[in-house]
Amino acid sequence: MNIENLQQLTQFQIDEQPHIVVNKEICKTCDHRACVLSCPANCYTWDEATKLLSIVYETCLECGTCYVICDKGALDWSYPRGGYGVCFRLT
Amino acid sequence: MAKYCDVIIVGAGPAGSLAALKLARAGLNVCLVERGRYPGAKNMFGGLLHNTPVLNELLPDFYQRAPLERHVYKKVLAFMTPESAVSLTFENERFEQPPYNGYTVFRPAFDNWLANEAVKEGALLLTDCTAEDLLRKDGRVAGVTVKGREGKLRGNIVIAADGVLSFMAEKAGLRKNFKAKSMGVGIKLLLGLPEETINERFHLVRDEGADISFVGMTGGMRGGGFLYTNRESLSVGMVVHLDSLKSSGKAPYDVMDELLQHPQVRKLVKGAVPLEYSAHLIPEGGIKTMPQIYTDGMMVVGDAAGLCYTNGINLEGINLAMTSGVLAAETAIKAMEAGDYSARSLSLYKKQLDESFIIKDMKTFKNAVGMMHQERIFRTYPRVLADVMDKLYRVDGVPRSKLLRLARREALKEVGLKGLVADGIKIGRALL
């Protein structure tokens, strides 16, 4: 399972409005940034050079891992608007 | 969009749809709100639909009509180390007759089918609607606002079947924060393989299916792996505790790859083509972390109510969900008859749930939650077992020990006497 292939495997109906917004200031001071490794869809990236946490919400599987794992209150997290987001066909 | 109905159900998963079916059949005006483009679009699980008496009662011919993959005939429990596997296989001819003990299913197919059974009975299904907030009237819950298709849905009773992250229950003040220590996350890769290959590889005929649980290949994390056979595909994945994942410093898909690369698993999945990847949280906190499940004008069912239990051998949720949905629907029917939607009236749901197998099973295995948080179960004991088996079978000219002495020596080497006693008590209290 190469996580880079996620977009070829699973279907997404991408909304222009992100359903997850990270507070980059809080993330700068986070002592674990567990979201980066724990996210099953590899949506989070930490850039050591710029000290910025970024998220690619477009391939979010809406599993909820980051929302529960983040204990700093850095995530503004909601389900995508109806009809948008991940769209499982089989699974 | 503005609508008024007797009962609004948030989430067209198995709990919500079966509740809708029950209510619609009783002649109630019921609205089923689903955020996916179709029911099941947002739903995933490992793969096993357990035998559920309320489903058999409400739809006696469901097993002939529902989109099922295979019925589970073969159960395998495998303790793994990176180079070995010690397996226990149970095959049972009594699992060969309907009602079957369980079926592998695809949730987008099954959930869609079940929601449409509710529609056939008269329920109104609104897809593309994410419930955003609760509407209140005279201090009680009296509807929801939705986004996607924008609108307000008002009704007498709201049934929250919105899944493990139940924002509806949270907004109603029925639950506290979601905690990593009471959650698991499941990830799964669906692998396509020809039907004949699956039958040969897993020794199955016709619609027979296999359910394999793996203990010990979760990168040191608390959890387990699974493999289910579908008709022309395999569902392979794992479930790990969220707090364990958080502290592991590992990515879940990398750990799943290690499982897929395991010498025994590799042979099972050889040549298979990846078809879909999915992930979801599981409420694994047991009965102690259940939210309140009713308030004025609202009831909470299924994963949203934390109805799930695991004891290391069974992992049940979908059957508890559907049963709770039907119990909530029965309470809603009585509340409608009486015209009383107060918490006192809806407390009947809690009473029925307490008397059902759901809460009884969750109580029976309440100590299993603690046992499942014991790292050694997943890290050490599979290795002890593998070492014992290795010494048992290895022929190398070294004098043998008697069996009990061999097992004791291997276990003491890894765990120590104190650890063994502590684990023995923990496992005993959880399962025996």
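Residues numbered from 1 in each chain as written. Chains lettered and ligands numbered in written order. Predicted model: local features only at pLDDT ≥ 70, side-chain atom pairs only at ≥ 80, totals over all residues. Heavy atoms only, no water.

All names here are of chain A. Overall, the coordinates contain zero disulfides over all chains when judged by the stated rule. You can see C60 has no disulfide; the closest cysteine sulfur is in C43, sitting 5.2 Å from it. Classification of C60 as buried rests on a relative accessible area of 8%. (Disulfide = S-S within 2.5 Å. Buried < 20%, exposed > 50% of the residue type's maximum accessible area, 1.4 Å probe, protein only.)

To continue, consider a nonpolar patch on the surface. On the surface, L412(B), L417(B), V421(B) and I425(B) cluster together into a nonpolar patch covering about 370 Å² of accessible area. Along the polypeptide, L417(B) turns up in helix α16 (residues 403-431). (Patch = residues over 30% accessible without salt bridge, like charges linked within 9 Å, V, L, I, M, F, W, Y side chains within 5 Å. Areas by Shrake-Rupley, 256 points an atom, 1.4 Å probe, with all protein chains shown as cover. Salt bridge = Lys/Arg side-chain N within 4 Å of Asp/Glu carboxyl O. Helix = DSSP H or I, 4+ residues; strand = E, 2+ residues; numbered from the N terminus.)

Our focus in this paragraph is the pattern of salt bridges. This structure, assessed with the given rule, holds 29 salt bridges over all chains. Here R89(A) and E276(B) are joined by a salt bridge, their closest N and O atoms 3.5 Å apart. With R89(A) in the segment after β6 (85-87) and E276(B) in strand β15 (residues 273-283), this pair bridges two chains. The class for E276(B) is buried, based on a relative accessible area of 0%. If you follow the salt bridges from partner to partner, you end up with D31(A), D71(A), K72(A) and K246(B) in one network.

Residues and elements named next belong to chain B. Checked against the element boundaries, R206 lands in the loop between α6 (195-202) and β12 (208-215). Taking the C-alpha atoms as reference, R206 lies 28 Å from L259; in sequence the two are 53 residues apart. For R206, the residues in contact, after removing those within four places along its chain, are R70, E96 and N199. (Contact = heavy atoms within 4.5 Å.)

This brings us to the interface of chain B and chain A. Listed per partner, the contact involves 48 residues of chain B and 37 residues of chain A. Between chain B and chain A lies a buried interface of about 3700 Å² when both sides are counted; carbon and sulfur atoms form 59% of it. At the boundary of chain B and chain A, one finds four salt bridges. The salt bridge partner of R35(B) is E62(A), with a shortest N-O separation of 2.7 Å. In this structure, the connection of chain B to chain A is made through 23 residue pairs in polar contact (both at pLDDT 80 or more). Only α4 (107-120), β8 (129-137), β9 (140-148), α5 (167-171), β11 (183-192), α7 (242-248), α8 (252-261) and β15 of chain B provide two or more residues apiece to the side of chain B that touches chain A. (Buried area = accessible area lost by both parts, 1.4 Å probe. Polar contact = N/O pair within 3.5 Å; in protein donor to acceptor, adjacent residues only side chain to side chain.)

A word on the pairing of β15(B). Residues and elements named next belong to chain B. Here β15 lies mainly inside the structure; eight of its 11 residues are buried. Pairing analysis gives 10 bridges linking β11 to β15, with the strands arranged antiparallel. Counterpart to L190 in the pairing with β15 is E276. (Pairing = 2+ DSSP bridges.)

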